[in-house]
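Examining the three-dimensional arrangement
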Amino acid sequence: MPTATTRPLDHPALEEIRLESVLHALADPMRLQVVRFLATMGEGEGAACSAIDLAVSKSTVTHHFRVLREAGVVSQVYQGTAKMNALRRRDLEALFPGLLDTVLAADAAERRRVG
């Protein structure tokens, strides 16, 4: 049950997460930057939206986080006035084994290649 400092947001259930939605969410460079940041955090750890420096307007940041949440890539919960974000790594691994690690490795290789 939500407390005064936490409110739940709608997330797709595990069986509702679709590969095409996850791939769409991961295809955007800004959203991939968010996933890259969250992937460095420990299991169960989260980060506020403001902790991830994206060079876009606040409304665009909100849009990118919503796309990631609705695709099932991240979970979000309000803590006070901040939205805390965590990667749904375990869920993604259960549905699409190796996908997230492969995408992150390919992203790292491309960033090295293009400088």
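These lines cover the structure that appears in this document, whether it is placed above or below. Everything quoted here is computed from the prediction, not taken from an experiment.

Cut-offs and rules
- Here, residues in each chain are numbered from 1, in the same order as that chain's written sequence.
- The model is predicted, so local features are restricted to residues of pLDDT at least 70 and side-chain atom pairs to those at 80 or more, both for listing and for counting; the totals for chains, interfaces and linings are taken over all residues.
- Calculation of side-chain values draws on the structure's entire complement of heavy atoms; hydrogens and water are dropped beforehand.
- Segments assigned H or I by DSSP are reported as helices when at least four residues long, segments assigned E as strands when at least two residues long, and all are numbered from the N terminus.
- Relative accessible area decides the class of each residue, using a 1.4 Å probe on protein chains only: under 20% of the type maximum gives buried, over 50% gives exposed, and in between gives partly exposed.
- By the convention used here, residues are in contact when the closest approach between their heavy atoms is within 4.5 Å.
- Multiplying 1.5 Å by the residue count of a helix minus one yields the expected span of that helix.
- Any N or O atom pair separated by 3.5 Å or less is treated as a polar contact, with the protein-specific requirement of one donor-capable and one acceptor-capable atom, and with residues adjacent in sequence counted only for side-chain atom pairs.
- Structural elements are reduced to axes, namely lines fitted to C-alpha atoms, with helices fitted over the stretch in contact, and the angle between N-to-C directions of any two is expressed from 0 to 180 degrees.
- In this scheme, roughly parallel covers angles under 35 degrees and roughly antiparallel covers those over 145, while 65 to 115 is roughly perpendicular and the rest are oblique.
- Gly counts as polar in this scheme, as do all residues outside two lists: the nonpolar Ala, Val, Leu, Ile, Met, Phe, Trp, Tyr, Cys and Pro, and the charged Asp, Glu, Lys and Arg.
- The pairing criterion is simple: DSSP has to find at least two bridges between the two strands.

In this section: the environment of Gly46. Here Gly46 is to be found in the loop between helix H2 (29-39) and strand S2 (47-48). On the basis of relative accessibility, which here comes to 31%, the residue Gly46 falls in the partly exposed class. Residues Gly46 and Asp107 lie 61 residues apart in sequence; the distance between their C-alpha atoms is 22 Å. Excluding residues that lie within four positions of it along the chain, Gly46 makes contacts with Met41, Met84, Asn85 and Ala86.

Turning to helix H3 (residues 58-71), a few remarks are in order. The terminal C-alpha atoms of H3, which comprises 14 residues, lie 20 Å apart, in line with the 20 Å expected from a rise of 1.5 Å per residue. Those residues of H3 not exposed but buried are Val61, His64, Phe65, Val67, Leu68, Arg69 and Ala71. In this structure, the buried side of H3 is in contact with helix H1 (19-27), H2, strand S3 (74-79) and strand S4 (82-87). Phi turns positive one or two residues past the end of H3, at Gly72, with a value near 90 degrees.

Bringing the side chain of His64 into the picture now. Take His64: it is sitting in helix H3. There is a polar contact of 3.1 Å between the side chain of His64 and the side chain of Arg31.

To describe two helices that pack against each other, one gives the angle between their axes and the distance between the axes. As a packed pair, H2 and helix H5 (residues 99-114) sit with axes 11 Å apart at the nearest point and diverge in direction by 110 degrees. As judged from the angle between their axes, H2 and H5 are roughly perpendicular. Between H2, through Leu32, Val35, Arg36 and Ala39, and H5, the contact on the second element is made entirely by Leu100, Val103, Leu104, Asp107 and Arg111. Class assignment for the residues of the contact of H2 with H5 results in 6 nonpolar, no polar and 3 charged.

With that out of the way, let us pick up the environment of Leu38. Here Leu38 shows up in helix H2. Taking the relative accessible area as the measure of exposure, Leu38 reaches 3% and is therefore buried. The spacing of Leu38 and Arg18 is 20 residues in sequence and 20 Å in space, taken between C-alpha atoms. Dropping the residues within four chain positions of it, Leu38 is found in contact with Ala47, Ile52, Val74, Asn85, Ala86 and Leu87.

Bridging between S2 and S4 involves 2 bridges; their strand directions are antiparallel. Its bridge partner lying in S4, Ala48 is registered against Met84. Across 6 bridges, S3 lies against S4 in antiparallel orientation. By the bridge assignment, Tyr78 is partnered in S4 with Lys83. Taken together, S3 and the strand that follows it, S4, pair antiparallel across an intervening segment of 2 residues, in which Gly80 is found at a positive phi of about 65 degrees.

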